[in-house]
Amino acid sequence: MVNFDDLLDDDEAPVIDPRDIFLTLERDKRFSFPRDIQTEVMKAWFAIRNQRDTIIKLNVGSGKTLVGLLLLQSSLNESKGPALYICPDNQLVSQVIEEAESLGIEVVDDPRDPAFASGQKICVTTVHKLFNGKSVFGVDSVKLPIGTVVVDDAHACIATISDQFRITLPNTHDAYQSILKTVTDDLKRQSPSRFLELADGDPRASMEVPFWAWKDKQDKILKALHEHKEDGELVFSYPLLREILPYCRCIIGGQSLEIEPVCPPTDLIKSFFKAKRRIYMTATLADDSVLVTHFGASPEKLSDPIIPISSQFMGERMILMPQELNPEIDGAEIRQLLVDLSEDENVVVIVPSKQASESWKGVADQILIGDKVAAGVEKLRGGHVGLTVLVNRYDGIDLPGDACRVLALFELPEVSSFREAADMSILADSNIGLRRQMQRIEQGMGRGVRSNDDYCVVLLCGPKLTSRIKSPEGRKMLTGATQAQLDLSTNLAKQLDGTDIDGIEKVVRQCLDRDSGWVKVAKKALLKAKAAGGLSLDPVAVATRAAFDLARIGDHPSAVQTLKTAVNALDDDDAKALTLVREAEIAHHIDPANAQKILLSAHKLNHSVLKPIEGVAYQRLTPVAGKQAAAVQQIHRARFLEATDRVLHFKGLIDDLKFEPNTANEFEAAIYDVGRLIGLGSQRPEKSFGKGPDNLWAFSGGEFLVIECKNGATSEQGISKHDLGQLGQGIDWFEEKYTSTVEKTAIIIHPMKNTGPGAAVIADARVMTEKQLSKLRSALFDFAKALGDGNVLNDVTRIGELLTTHHFTPKMFVGHYTVPLKQT
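Since we're looking at a predicted model, the values are computed, not measured.

The rules behind these values
- Throughout this description, residue numbers start from 1 for each chain and increase along the sequence as written.
- Side-chain atom pairs in this predicted model are given and counted only at pLDDT of 80 or more, local residue features only at pLDDT of at least 70, and totals for whole chains, interfaces and linings cover all residues.
- The side-chain values count all of the structure's non-hydrogen atoms but skip hydrogen atoms and water molecules.
- The helix count covers DSSP runs of H or I at least four residues long, the strand count covers runs of E at least two residues long, and both are numbered beginning at the N terminus.
- To get the radius of gyration, use the C-alpha atoms; to get the globule rule, take the number of residues to the power 0.38 and multiply by 2.2 Å.
- Only protein chains enter the accessibility calculation, which uses a 1.4 Å probe; a residue is then buried when its area is under 20% of its type maximum, exposed when over 50%, and partly exposed in between.
- Any pair of residues with heavy atoms lying within 4.5 Å of one another is described as a contacting pair.
- Under the convention used here, a 1.4 Å probe and the Shrake-Rupley method define accessible areas, while residue burial counts only the protein chains that appear.
- Residues belong to a common nonpolar core when they are buried Ala, Val, Leu, Ile, Met, Phe, Trp, Tyr or Cys residues joined through side-chain atoms within 4.5 Å.
- What counts as a salt bridge is simple: a side-chain nitrogen of Lys or Arg found within 4 Å of a carboxyl oxygen of Asp or Glu.
- We call two strands paired when DSSP finds no fewer than two bridges between them.
- Aromatic rings from Phe, Tyr and Trp, with only the six-membered ring used for Trp, were paired whenever their centres fell within 6.5 Å, and each pair was classed as stacked if the ring planes differed by under 30 degrees, edge-to-face if by over 60, and tilted otherwise.
- Each direction from the helix axis to a C-beta atom contributes to the arc, which is the arc of those directions.
- Residues qualify for a patch when their relative accessible area is over 30% and they have no salt bridge, like charges being joined within 9 Å and the nonpolar side chains of Val, Leu, Ile, Met, Phe, Trp and Tyr within 5 Å.
- His is not counted, nor are the chain ends, whereas Lys and Arg count as positive and Asp and Glu as negative.
- A charge is said to be at NZ when it belongs to Lys, at CZ for Arg, at CG for Asp and at CD for Glu.
- Lines are fitted to the C-alpha atoms to define the axes, a helix being fitted only along its stretch in contact, and any angle between axes, read from their N-to-C directions, falls within 0 to 180 degrees.

> Could you give an account of the overall build of the protein chain, with specific residues and numbers?
A tally of regular secondary structure across the protein chain gives 38 helices and 22 strands. For 824 residues, the compact-globule estimate of 2.2 N^0.38 gives 28 Å, and the C-alpha radius of gyration of the protein chain, at 29 Å, lies within 12% of that figure. If one aligns the C-alpha atoms of the protein chain with their principal axes, the spans along those axes are about 105 × 65 × 45 Å. Expressed as a percentage of the 824 residues in the protein chain, the buried residues total 57%. Of the contacts formed within the protein chain by residues at least 6 apart in sequence, a portion of 75% connects residues at least 24 apart. Surface exposure of the protein chain reaches about 34400 Å², of which carbon and sulfur atoms provide 49%.

The following block contains the structure:
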């Protein structure tokens with residue numbers, strides 16, 4: 001028998017070109033040749049392979065897994081091992097291993113396998129395995145070296161990394177109670193009323209520990225955590241944060257607290273930090289800043305991402321926004337449409353929270369959350385299930401082919417941590433906040449199309465979500481292929497303008513039934529897609545990471561200067577305010593007095609940031625100058641380009657104006673915005689200044705409404721003594737700030753109109769119950785539609801008539817939308 005191995009030339013150089021490696025593999029028949037798009041990417045990478053950090057952007061279905069495996073095998077052949085393939089979860093690990101076996105590439109799934117360490121085989125594992133306080137790769141030292149690492153679905157790994165570098169403690173944990181006790185006085189000074197909600201265990205209450213209290217009380221805080229370092233809640237996170245606790249933020253909620261650094265210090269995993277080659281692969285990463293903030297890539301050494309010229313390898317998507325086509329279509333109608341479609345197809349609905357999933361319990365075949373997701377996804381991949389609801393899962397899930405033919409996203413994604421919630425309360429109206437939302441929306445939209453020959457109908461539902469997608473700023477933040485498909489959908493919408501739900505169902509079924517006209521136009525649309533070239537880095541994010549790293553090594557002056565430079569380059573007040581807070585946090589380490597001055601500057605730009613130690617002077621609410629009608633004209637011209645945009649925005653407000661527990665912040669924010677949109681001065685004193693009523697409105701004639709919102713009240717015995725006490729405190733505060741002679745009406749928004757046990761009537765106080773709130777919601781929607789007529793918006797007199805017709809003038813508002821408070 002001939003030994004063919006003897007014919008191999010031992011002196012011959014190993015094959016290192018990824019495409020050549022592919023041709024030498026003993027692979028499955030389905031892998032005849034690499035696709036053109038794969039060859040294009042591998043060739044581009046090979047030319048810059050010695051660059052430490054490289055980015056590859058490939059649309060879903062373009063074959064990222066094959067590319068990643070071949071790049072790692074190339075690195076092994078070039079002695080740049082060991083080679084590690086990182087996945088966001090175990091499901092993807094299994095898929096990568098299966099593909100590797102089909103290709104004839106040898107892999108292992110245990111980093112401790114000697115074949116990995118010796119560079120003989122690629123290790124495929126999860127991001128959890130690499131980044132944690134007990135990492136087998138070592139923390140602060142190299143236990144298992146890495147030569148080359150591929151981070152697949154890098155966008156999906158970001159959330160996991162943030163989770164790994166976050167301490168979360170329930171309110172039942174001793175360390176939670178110790179830390180809360182340590183900072184109680186500081187929290188009370190920020191807002192006495194919010195602290196009471198937090199102390200009561202309100203699940204929606206949360207407060208950030210002021211950075212001066214967090215740093216100055218580090219000894220007690222560190223001791224509280226150290227004593228429980230082996231507890232399950234701390235064992236994997238505490239080792240990563242213990243040395244940088246002074247540079248972390250702590251936010252305490254009614255049910256739990258979270259401690260998280262400004263940026264995850266992934267360099268603590270030295271094996272990753274010292275890897276010779278780090279390759280990030282993604283489909284939907286429109287913002288490259290996270291490679292700097294979360295993976296520690298050097299912005300100066302990052303080159304442009306590798307993006308193939310062709311974008312047509314994304315699957316076909318018909319994207320429809322029902323409420324763009326007809327703002328009067330409601331959620332119940334869309335839900336019924338999805339139920340009907342699920343009789344024949346797998347329909348997947350993504351909702352932002354567990355609470356949002358409650359309305360689907362009667363119609364969904366499965367609701368997947370947490371550890372139920374993996375098994376539920378396998379059922380979808382195995383055959384017809386019907387209607388599946390995913391709770392807050394916008395990435396890391398593959399639903400190819402018949403696993404998902406209709407995908408619906410309901411409302412905007414919610415934040416995933418207290419830190420993100422605190423930042424978004426500041427950035428909600430900024431481009432930075434919009435970019436974060438658009439990133440998650442696009443990730444969610446990609447779940448149902450996983451190859452170039454796949455197809456799916458995508459429904460984007462809810463007025464706020466629709467408004468974000470419709471906005472020119474939001475659309476620019478999406479990838480070229482998604483923008484091309486949205487452009488096609490916009491053209492389709494023009495033909496369907498004003499249609500009802502039946503009309504939407506007909507066009508959906510045209511896609512599902514593979515209408516040849518639709519298929520042709522959908523494929524043609526992708527030919528026009530242009531991938532955005534170049535590196536997209538947010539200067540503020542880059543500066544924040546640089547300042548964080550400088551502070552960690554004790555160079556606080558340089559860190560402060562880095563952020564000061566970033567602030568000076570900003571035009572957006574909200575982004576400037578948040579960056580000033582980051583600057584103040586670091587400045588406190590070297591000049592506490594200056595830190596408070598910086599924080600005061602931030603607070604003047606945005607009242608949602610922390611209050612300085614000395615507090616802030618209340619800024620009296622001035623009625624809008626001129627007539628109320630003129631104010632309406634001005635704000636509506638500035639905020640809404642199209643009539644549909646206005647109606648969608650008002651629908652979003654109306655959705656938030658409801659009696660429902662744990663929605664106080666959304667309700668109060670909606671009352672604030674309603675005031676502005678009907679031409680009033682509007683303020684949230686309690687939120688902005690820590691004292692006063694929830695809302696304050698000022699009419700142009702000088703009349704004020706002092707409003708206390710209790711939309712989450714559940715008492716059936718009347719308005720409680722506590723709730724009326726808060727209204728009374730709001731009145732006292734108002735009279736202190738404005739004198740008792742200023743005309744005012746005190747209003748409490750509550751399901752009941754009579755006092756409860758022990759509560760006394762407040763003279764002249766009024767109540768807005770569900771009946772009156774329902775009338776207000778209807779009037780607001782009608783008002784928004786009426787303003788859609790350009791002739792009306794251009795005529796101040798007609799706007800004034802509308803204000804009267806809808807009872808939005810001072811005396812009419814009080815008389816029509818409130819009733820007298822009654823003694824039981």
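Once you've had a look at it, read on.
> Give me the lowdown on the nonpolar core, citing residues and values where you can.
Ile179, Leu225, Ile252 and Ile259 are the most contacted members of the largest nonpolar core, which totals 90 residues. With eight residues, helix α28 (residues 573–587) is the largest single contributor of residues to this core. Dropping the residues within four chain positions of it, leucine 225 is found in contact with Ile167, Leu169, Ala175, Ile179, Leu234, Tyr238, Leu245 and Ile259. Ala629, Phe650, Leu653 and Phe667 belong to the second-largest nonpolar core, a separate cluster that totals 41 residues.

> Give me the pattern of salt bridges: which residues, what numbers.
The final tally for this structure, using the stated rule, is 46 salt bridges. Here arginine 189 and aspartate 186 are joined by a salt bridge, their closest N and O atoms 3.3 Å apart. Of this pair, arginine 189 and aspartate 186 both sit in helix α8 (residues 174–190), separated by three residues, roughly a single helical turn. On the basis of relative accessibility, which here comes to 55%, the residue arginine 189 falls in the exposed class. Its relative accessible area of 6% is what places aspartate 186 among the buried residues. Shared partners join several salt bridges into a network, and the residues in it are Asp163, Arg166, Glu208, Arg249, Glu258, Glu260, Arg419 and Asp423.

> Lay out the environment of glutamate 26 with the relevant residues and their values.
Relative to the helices and strands, glutamate 26 resides in the loop between α1 (18–24) and α2 (36–47). Overall, the relative accessible area of 77% leaves glutamate 26 in the exposed class. Sequence separation between glutamate 26 and leucine 103 is 77 residues; the distance between their C-alpha atoms is 6.8 Å.

> Describe the pairing of strand β2 (residues 83–87), and please don't skip the residues or the numbers.
By the criterion of burial, β2 is predominantly enclosed, with five of the five residues buried. Residues Ala83, Tyr85 and Cys87 line one face of β2 and the alternating positions Leu84 and Ile86 line the opposite face, and both faces are buried. Where β2 lies against strand β5 (residues 148–151), four bridges are found, and the strand directions are parallel. Bridge pairing links isoleucine 86 to valine 151 in β5. As paired strands, β2 and strand β4 (residues 122–126) are joined by four bridges and run parallel to one another.

> Tell me about the packing of aromatic side chains, and please be specific about residues and values.
Within the structure shown, the criterion is met by 18 aromatic pairs. An angle of 50° between the planes, with centres 5.0 Å apart, marks the rings of tyrosine 280 and phenylalanine 295 as tilted. Here tyrosine 280, found in strand β10 (residues 277–282), pairs with phenylalanine 295, found in the loop between α14 (289–293) and β11 (316–320); they are 15 residues apart in sequence, far enough to count as distant. Residues tyrosine 280 and phenylalanine 295 agree in their burial class; the two are buried. Ring centres of tryptophan 360 and phenylalanine 410 lie 5.1 Å apart, and the angle between their planes is 80°; this geometry places the pair in the edge-to-face category. Within this pair, whereas tryptophan 360 is found in the loop between α17 (354–357) and β13 (366–368), its partner phenylalanine 410 is found in strand β15 (residues 406–410), the two being separated by 50 residues in sequence. Residue phenylalanine 410 is classed as buried on the basis of its relative accessible area of 12%. These aromatic residues form a ring-pair network of at least three members: Tyr618, Phe689, Phe704, Trp733, Phe734 and Tyr738.

> A description of helix α21 (residues 463–470) should follow, citing residues and the corresponding values.
Along α21, the residues classified as buried are Pro463, Leu465, Thr466, Ile469 and Lys470. Down the axis of α21, the smallest arc covering the buried residues is 160°, so these residues share one side.

> Could you give an account of a positive patch on the surface, with specific residues and numbers?
Residues Lys134, Lys143, Lys229 and Arg242 make up a contiguous surface patch of positive charge. Within the secondary structure layout, lysine 134 lies in the loop between α6 (127–130) and β5. With relative accessibility at 45%, the residue lysine 134 sits in the partly exposed group.

> Lay out the environment of glycine 701 with the relevant residues and their values.
Among the structural elements, glycine 701 can be located in the loop between β18 (695–698) and β19 (704–709). Taking the C-alpha atoms as reference, glycine 701 lies 49 Å from isoleucine 179; in sequence the two are 522 residues apart.

> Could you give an account of unusual backbone geometry, naming the residues involved and the relevant values?
A cis amide bond links glycine 81 with the next residue in sequence, proline 82, at an omega value of -5°. Of note in the backbone geometry, aspartate 153 takes a positive phi value of approximately 50° without being a glycine. Along the chain, the position of aspartate 153 falls in the loop between β5 and α7 (154–164). Since its relative accessible area comes to 7%, aspartate 153 is described here as buried. For aspartate 764, which is not glycine, the phi torsion reads 70° and is therefore positive. You can see aspartate 764 is positioned in the loop between β20 (744–749) and β21 (766–768).

> Talk me through the sheet that holds strand β3 (residues 107–108); I want residue IDs and the actual numbers.
Spatial ordering of the open sheet is given by β1-β10-β5-β2-β4-β3, a layout of six strands whose pairing is parallel. Whereas interior strands pair on both sides, the edge strands pair on one side only; in this sheet they are β1 (53–57) and β3. Lying on the sheet, helix α4 (residues 90–103) is in contact with β2, β3 and β4; it crosses β4 at an angle near 160°.

> Quick one: what's the story with the sheet that holds strand β17 (residues 681–683), residue by residue and with numbers?
If you walk across this open sheet you meet the six strands as β17-β18-β19-β20-β21-β22, and the pairing is mixed. The sheet is open, and its two borders are formed by β17 and β22 (819–820), each paired with just one other strand. Sheet topology note: the β17/β18 ladder contains three bridges and is antiparallel. By the bridge assignment, glutamine 683 is partnered in β18 with leucine 696. Set on the sheet, helix α34 (residues 721–738) makes contact with β17, β18, β19 and β20; between it and β20 the angle comes to about 155°. Running over the sheet, helix α35 (residues 770–786) touches β21 and β22 and is turned about 65° from β21.

> Help me get a handle on the side chain of aspartate 423, residues and values and all.
Secondary-structure assignment places aspartate 423 in helix α19 (residues 418–427). Owing to a relative accessible area of 3%, aspartate 423 belongs among the buried residues under this scheme. Not counting the four nearest positions on each side in its chain, aspartate 423 is found in contact with Arg249, Arg436, Leu578 and Arg582.

> Would you mind going over a negative patch on the surface in detail, with residue names and values included?
Together, Asp330, Glu333, Asp500 and Asp502 line one region of the surface with negative charge. If you trace the backbone, glutamate 333 turns up in helix α16 (residues 331–341). For glutamate 333, a relative accessible area of 31% puts it in the partly exposed group.

> Explain the environment of serine 118 residue by residue, including any values.
Mapped onto the elements of the fold, serine 118 is located in the loop between α5 (114–117) and β4. A sequence separation of 37 residues divides serine 118 from glycine 81, and the C-alpha atoms of the two residues are 8.0 Å apart.

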